[in-house]
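Residue-level structural notes
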Amino acid sequence: MFDTLWTDCNLATMREGGAAYGAIERGAIGVKDGRIAWVGYAADAPSEARDVRRCDGAWITPGLVECHTHLVFGGDRALEFEMRLQGASYEDIARAGGGIVSTVAATRAASKDELIESAARRLAGLTREGVTTIEIKSGYGLDLETELKMLEAAGDLASRANVRVKRTFLGLHALPPEFRDDRAAYVQLVADVMIPAIATAGAADAVDAFCEGIGFTTEEVDYVFAAAREHGLDVKLHAEQLSNLHGAALAARHKALSADHLEYLDDAGIAEMARAGTVAVLLPGAFYFLREKQLPPIAALRAAGVKMAVAGDCNPGTSPMTSPLIALSMACTLFRLTPEEALAGMTREGARALGLLDDIGTLEVGKAADLAIWNVKTPAELSYWIGAPLLRERVLSGRVV
């Protein structure tokens, strides 16, 4: 007997191969003990269930996966938004003491409870649109105490918001003011002190870095990634957003889960990612917000068979966006993904980018029953409508939340 049977529905299973979206029309899905126990046509479904929920033809997809966010931070950067509109570049603002460093000051000053409260408000926007799993990065503390505070705040959001949380330590995000004249010492601090302490505390699942001219070099990233691997942490990388430093290839050589942004990615980097199985995470919100012109090489990634995830990149400086559905729309309109590719990018491939594909991301027997149920007539509507209230139910581990 199922705990719950959803019936009179259409399923976008997002399994690869076969019908578009892995679709099963006039389907049903049965859940037992928080996991998917049966998927198929409603006419074939076993009828015994403690709770039968009729969906009136709604579509069910895997719960959405936000695989790249900076959700926990203090303050905001609305003033910098005005400066950019008046002609200042992202690099200009960063070099003038704004950008990431200004958020560092606000985050260091905030209590953990204050960080949780502000992040919870942003997270509510994501969960209202079907997100059941989210990755949250640190990186606005740049000292061990504040980085741990951020990671602990991120962990506390899981039970508060009924969402799965994966935590990423982003120590190489920017150079803190106190290390302005000794960047080598800061890189060593991240690798030799912060990573061991964070790993010992179980405070993070992965390590990230910002590999860029205004961030950190490939040599510095390589040193930190070696430490992450030594302590059993996965790695991922902000790469090729503003220039090509060949960070994606470096990440792939470290068997990174993902390389993210990738506007300036070249063919050599694509080849390395394909060989390593490193996921390309596309972030159209930052592309839009910064008014970038250089598109990620979508066609080349497709041709090479590199998997493409889509994420909103919620952060105070370059993508203050809390709508995954708008991210899907932007992925289609700005990057020319198909609606099916976009939805796969925020379900199956988002899960792959977090190393969670064995447990979530598709509707298959044995996986966690994380579902999003939508009042739409076709899955393409999830990328088509802008700002429409489409979510009917959000389900985490078989429980409507």
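Parameters at a glance
Residues numbered from 1 in each chain as written. Predicted model: local features only at pLDDT ≥ 70, side-chain atom pairs only at ≥ 80, totals over all residues. Heavy atoms only, no water. UniProt positions renumbered as here; feature names shortened; annotations may be inferred. Helix = DSSP H or I, 4+ residues; strand = E, 2+ residues; numbered from the N terminus. Rg over C-alpha atoms; globule rule 2.2 N^0.38 Å. Buried < 20%, exposed > 50% of the residue type's maximum accessible area, 1.4 Å probe, protein only. Contact = heavy atoms within 4.5 Å. Lys, Arg positive; Asp, Glu negative; His and termini not counted. Charge placed at Lys NZ, Arg CZ, Asp CG, Glu CD. Pairing = 2+ DSSP bridges. Axes fitted to C-alpha atoms, helices over the stretch in contact; angles between N-to-C directions. 1 Å grid on protein atoms, 1.4 Å probe; cavity = no way out; pocket = protein on both sides within 12 Å on 5 of 7 lines; lining within 4 Å. Points joined across faces, edges and corners; volume = space filled by probe spheres on them. Nonpolar A, V, L, I, M, F, W, Y, C, P; charged D, E, K, R; others polar. Domains from an automatic or database assignment. Expected span 1.5 Å × (residues − 1).

Under an unreviewed UniProt entry, the name given to the chain is Imidazolonepropionase, and the organism recorded is Terricaulis silvestris. Here the chain is described in UniProt, under the heading Function (unreviewed entry), as follows: "Catalyzes the hydrolytic cleavage of the carbon-nitrogen bond in imidazolone-5-propanoate to yield N-formimidoyl-L-glutamate. It is the third step in the universal histidine degradation pathway." UniProt annotates the chain under Catalytic activity (unreviewed entry) with the comment "4-imidazolone-5-propanoate + H2O = N-formimidoyl-L-glutamate".

This brings us to the overall build of the chain. When helices and strands are tallied, the chain shows 15 helices and 16 strands. Relative to a compact globule of 401 residues, whose C-alpha radius of gyration would be 21 Å, the chain shows 21 Å and is just as compact. Projected onto the principal axes, the alpha-carbon positions of the chain cover approximately 70 × 45 × 40 Å. Sorting the 401 residues of the chain into buried and exposed places 58% on the buried side. Counting only contacts in the chain whose residues sit at least 6 apart along the sequence, the fraction spanning at least 24 positions is 71%. Charge centroids of the chain, computed over 40 positive and 54 negative side chains, lie 4 Å from each other.

Let's shift gears to the sheet that holds strand E11 (residues 258–261). Read from one edge of the open sheet, eight strands run E6-E7-E8-E9-E10-E11-E12-E13, paired in parallel fashion. Edge positions in the open sheet fall to strand E6 (64–66) and strand E13 (308–310), since each of these has one partner strand only. Averaged over all neighbouring strand pairs, the angle between strand axes comes to 25 degrees, with direction disregarded. Helix-sheet contacts for helix H5 (residues 144–161) involve strand E7 (131–137) and strand E8 (164–172), and the interaxial angle to E8 is about 170 degrees. Along the sheet, helix H12 (residues 324–333) contacts E6, E7 and E13; its crossing angle with E6, the most-contacted strand, is approximately 85 degrees.

What follows deals with the pairing of strand E3 (residues 35–41). Where strand E2 (residues 23–32) meets E3, six bridges bridge the pair, whose relative direction is antiparallel. Looking across to E3, one finds that Ala28 is bridged to Gly40. Following E2, the chain reverses through two residues before pairing antiparallel with E3; Asp33 in that reversal takes a positive phi of roughly 55 degrees.

A few words on empty space enclosed by the protein. Summed over the entire model, instances satisfying the criterion amount to two cavities of 30 Å³ or more. Looking at the largest cavity, its volume works out to about 130 Å³. In this structure, the largest cavity is lined by 13 residues; those nearest its centre are His70, Tyr90, His173, Asn315 and Thr318. Looking at the lining of the largest cavity residue by residue, the class counts come to four nonpolar, seven polar and two charged. What the second largest cavity holds in volume is close to 40 Å³. For the lining of the second largest cavity, the per-class residue count stands at five nonpolar, two polar and one charged. A domain-level breakdown of the lining of the second largest cavity finds at least three residues from each of domain 1 (2–62 + 362–400) and domain 2 (64–354).

Further remarks concern helix H7 (residues 218–230). Under the 1.5 Å per step criterion, the end-to-end length of H7 is 18 Å for 13 residues, consistent within 8% with the ideal 18 Å. For H7, every residue scored as buried is listed here: Thr218, Glu220, Val221, Val224, Phe225, Ala227 and Ala228. Against E8, helix H6 (183–201), strand E9 (206–211), strand E10 (234–239) and helix H8 (247–253) lie the buried residues of H7. Positive backbone phi, at 75 degrees, marks Gly232, one or two positions downstream of H7.

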